[in-house]
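If you want the building blocks of each chain, they are given just below.
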Amino acid sequence: QVQLVESGGGLVHPGGSLRLSCATSGSISGLNVMGWYRQAPGKEREMVARITGGGRTTYADYVKGRFTISRDNGKNTVYLQMNSLKPDDTAVYYCNLVRPGYAALWGQGTLVTVSS
């Protein structure tokens, strides 16, 4: 069974950068979309960015120009490069995998804290 494991979260000052990684425990074949979502305290989980197996990307308006999602299909890993971080970006970030015919998978989450 495929599992998702995130890493790369931590504490960063406003204006700083972090790169999140999400590794899958097995090979992903066929149609699929991997994405990053986040949930801040007291708020609902929201989509940050998604990427298809072919590399097509979608971003939430509030991260366009600051965050970049990418994937390495050979390593079964998706990345989220986060630049110009703001305190409002503070949240637990979750990796997500969607495939036709399968239930959506979620990672355990990694905490990103943006604070001076």
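Above this text you will find the structure in question.
Since we're looking at a predicted model, the values are computed, not measured.

Colleague: I tried to follow the sheet that holds strand β7 (residues 67-72) on my own but got confused; where do I start?
Modeller: Hydrogen bonds between backbone atoms are what pair the strands of a sheet, whose relative direction is either parallel or antiparallel. Reading across from one edge, β1-β3-β8-β7 is the order of the 4 strands in this open sheet, with antiparallel pairing throughout. Either end of the sheet is taken by a strand with one partner, and the two such strands are β1 (4-7) and β7. For this sheet, the mean angle separating the axes of adjacent strands, direction not counted, is 15 degrees. Judged from the 6 bridges that link them, strand β3 (residues 18-24) and strand β8 (residues 77-82) form a sheet pairing that is antiparallel. Counterpart to Ala23 in the pairing with β8 is Thr77.

Colleague: How should I be thinking about the pattern of salt bridges in this particular structure?
Modeller: A side chain with one charge may pair with a side chain of the opposite charge, provided their charged atoms come close. Per the counting criterion, the structure on display carries 4 salt bridges. The salt bridge partner of Asp89 is Arg38, with a shortest N-O separation of 2.9 Å. Remark: Arg38 occurs in strand β4 (residues 33-39) and Asp89 occurs in the loop between β8 and β9 (91-98); sequence separation between them is 51 residues. There is no split in this pair, since Asp89 and Arg38 are both buried. In this structure, Arg66 and Asp89 form a salt bridge, with 2.7 Å as the shortest nitrogen-oxygen distance. Of this pair, Arg66 sits in the loop between β6 (57-59) and β7 while Asp89 sits in the loop between β8 and β9; the two residues are 23 residues apart in sequence, bridging distant segments of the chain. The same class applies to Arg66 and to Asp89, which are both buried. Salt bridges sharing partners connect three or more residues here, namely Arg38, Glu46, Arg66 and Asp89.

Colleague: Hey, could you run me through the state of the cysteines in this one?
Modeller: Where two cysteines share a covalent bond between their sulfur atoms, that bond is called a disulfide. For the coordinates displayed, the defined rule picks out 1 disulfide. There is a disulfide in this structure between Cys22 and Cys95, and the S-S distance comes to 2.1 Å. On the sign convention where negative is left-handed, the bridge of Cys22 and Cys95, at about -85 degrees about the S-S bond, is left-handed. Linking Cys22 in strand β3 with Cys95 in strand β9, this pair joins segments that are 73 residues apart in sequence. You'll find Cys22 and Cys95 in the same group, each marked buried.

Colleague: In this structure, what is going on with the pairing of β8? I would like to understand it.
Modeller: The side chains of a regular strand alternate, first on one face of the sheet and then on the other. Burial runs high along β8: 5 of the 6 residues are buried. Pairing of β7 with β8, which is carried by 6 bridges, proceeds in the antiparallel orientation. Across the sheet, residue Arg71 finds its bridge partner in β8, namely Val78. In textbook terms, the turn of a hairpin is the stretch between consecutive antiparallel strands, and for β7 and β8 this stretch comprises 4 residues, one of which, Asn76, has a positive phi near 50 degrees.

Colleague: Looking at this model, I keep getting lost on unusual backbone geometry. Mind explaining?
Modeller: Backbone phi values are negative for most residues with the exception of glycine, while trans is the configuration of most peptide bonds. The phi dihedral of Asn76 falls on the positive side, at around 50 degrees, and the residue is not glycine. Relative to the helices and strands, Asn76 is located in the loop between β7 and β8. The phi torsion at Ser84 lies on the positive side, around 50 degrees, for a residue other than glycine. Considering the arrangement of structural elements, one finds Ser84 in the loop between β8 and β9. For Ser84, a relative accessible area of 41% gives the class partly exposed.

Here is what the cut-offs are and how they apply
- Residues numbered from 1 in each chain as written.
- Predicted model: local features only at pLDDT ≥ 70, side-chain atom pairs only at ≥ 80, totals over all residues.
- Heavy atoms only, no water.
- Pairing = 2+ DSSP bridges.
- Helix = DSSP H or I, 4+ residues; strand = E, 2+ residues; numbered from the N terminus.
- Axes fitted to C-alpha atoms, helices over the stretch in contact; angles between N-to-C directions.
- Salt bridge = Lys/Arg side-chain N within 4 Å of Asp/Glu carboxyl O.
- Buried < 20%, exposed > 50% of the residue type's maximum accessible area, 1.4 Å probe, protein only.
- Disulfide = S-S within 2.5 Å.

Function cannot be read off these values alone, since they describe shape.
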